[in-house]
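Observations on the model geometry
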Amino acid sequence: MNTIYGELVSSFNKNPRHEDFFYDFGERKRMQPIKILFVCLGNICRSPMAEYLMREKIKQAHLQDNIFTASAGTSGWHDGEGMHCGTADILDQHKIASNDFVSRKVRSKDWADFDYLIAMDNENLRDLEKLFGHHPEKLFQITALCPDLGIDHIPDPWFTKNFNQTYELLDACCDALLDKIKQEHRL
Ligand code: 4NP
């Protein structure tokens, strides 16, 4: 058995997850991108902000062929709309492109289509768990990755009007998320 193949088989035996079979044995790159779905209530403020901010971080890390981001809302109240102008403005202030966004509701096939479903607050998590069950390795709140921030949810600027606060928190949490994914997928 050659070394790389042996190492992969041994790692699969210790941790038998199907995604290990998506690696190209020579280059250790996934052939399918890792897919992240950010989820909030309306899918016009927080989750689109996370989607485009994370995409920018992925681009800066030259991982745009490996990691894909999208977002959705639990309510469907804004289906077909663009993002909130406060979210577009804050992304623009940080020179982050936010084109081609269309709000949509979470759908049942999202569970199969995405590797991570990431909630902005406890209510989003509860609604997602009602649909998909309790799977903390795949479905969790983004603030769980940043306990040092001392906050257990991403505040909703639809209510707070403070898009800057939401951006700063998501900025820290998306850094932590990128580190986690790089580590978990050996990128
Ligand atoms: P989001 O914020 O969940 O961060 O997109 C909201 C947007 C719209 C509403 C609530 C929250 N709404 O009640 O329409």
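For the structure itself, consult the block above.
Below is a short write-up of the structure. Sequence order sets the numbering: in each chain, residues are counted from 1 along the sequence as written. Local features in this predicted model are restricted to residues of pLDDT 70 or higher, and side-chain atom pairs are both shown and tallied only at a pLDDT of 80 or more, whereas totals for entire chains, interfaces and linings draw on every residue. Remark: hydrogens and water are excluded; side-chain values derive from all non-hydrogen atoms of the structure.

Focus on the nonpolar core
Counted only if it meets this: To define a nonpolar core, start from buried Ala, Val, Leu, Ile, Met, Phe, Trp, Tyr and Cys residues and group those joined through side-chain atoms within 4.5 Å. For every residue, the accessible area (1.4 Å probe, protein chains only) is compared with the maximum for its type, and the residue is labelled buried under 20%, exposed over 50%, or partly exposed between those bounds. Segments assigned H or I by DSSP are reported as helices when at least four residues long, segments assigned E as strands when at least two residues long, and all are numbered from the N terminus. Here, residues are in contact when the closest pair of their heavy atoms is within 4.5 Å.
Of all hydrophobic cores here, the largest spans 35 residues; its most connected members are Ile36, Phe38 and Ile142. Breaking this core down by element, the ones donating at least two residues are strand 1 (34-40), helix 2 (46-60), helix 3 (85-93), strand 3 (116-119) and helix 7 (163-184). With 9 residues, the top contributor of residues to this core is helix 7. If we ignore the near neighbours within four places in the chain, the residues touching Ile36 are Met54, Ile67, Phe68, Thr69, Ala70, Phe114, Tyr116, Ile118, Leu177 and Ile181. Counting 13 residues, the second largest nonpolar core, distinct from the first, contains Val39, Val106, Trp111 and Phe114.

Description of the pattern of salt bridges
Filter applied, for reference: Within this document, salt bridges are pairs made up of a side-chain nitrogen of Lys or Arg and a carboxyl oxygen of Asp or Glu, the two lying within 4 Å of each other.
Going through the model one piece at a time under the given rule, you end up with 10 salt bridges. Between Asp121 and Arg46 there is a salt bridge, and its shortest N-O distance comes to 2.9 Å. Pair noted here: Asp121 is in the loop between strand 3 and helix 5 (122-132) and Arg46 is in helix 2, with a separation of 75 residues, a long-range link. Of the two residues, Asp121 and Arg46, neither departs from the other in class, the shared state being buried. For Asp156, the salt bridge identified is with Arg46, shortest N-O distance 3.2 Å. Taken as a pair, Asp156 in the loop between strand 4 (139-141) and helix 6 (157-160) and Arg46 in helix 2 lie far apart in primary sequence, 110 residues in all. A residue is classified by how much of its surface remains accessible, and Asp156, at 15% relative accessible area, is buried. Each of Arg46, Asp121 and Asp156 takes part in one network of salt bridges that share partners.

Some thoughts on the site of the ligand
So the rule is basically this: Here a residue counts as near a molecule or strand whenever at least one of its heavy atoms sits within 4 Å of it. We define a polar contact as two N or O atoms separated by no more than 3.5 Å, with the added condition that, inside protein, one atom must be a possible hydrogen donor and the other a possible acceptor, whereas residues neighbouring each other in sequence contribute only through side-chain atom pairs. In short, Shrake-Rupley with a 1.4 Å probe defines the accessible areas, and a residue's cover is counted only from the protein chains shown. Charged residues are taken to be Asp, Glu, Lys and Arg, nonpolar residues to be Ala, Val, Leu, Ile, Met, Phe, Trp, Tyr, Cys and Pro, and polar residues to be all remaining types, Gly included.
In the vicinity of the ligand, the contacting residues are Cys40, Leu41, Gly42, Asn43, Ile44, Cys45, Arg46, Trp77, His78, Asp156 and Trp158. Here an oxygen atom of the ligand and a backbone polar atom of Gly42 are 2.8 Å apart. With respect to the ligand, the side chain of His78 contributes an N or O atom lying 2.8 Å from an oxygen atom. Bound to the protein, the ligand loses 92% of the 360 Å² it would expose on its own. Residue composition of the shell around the ligand, by class: 6 nonpolar, 3 polar and 2 charged.

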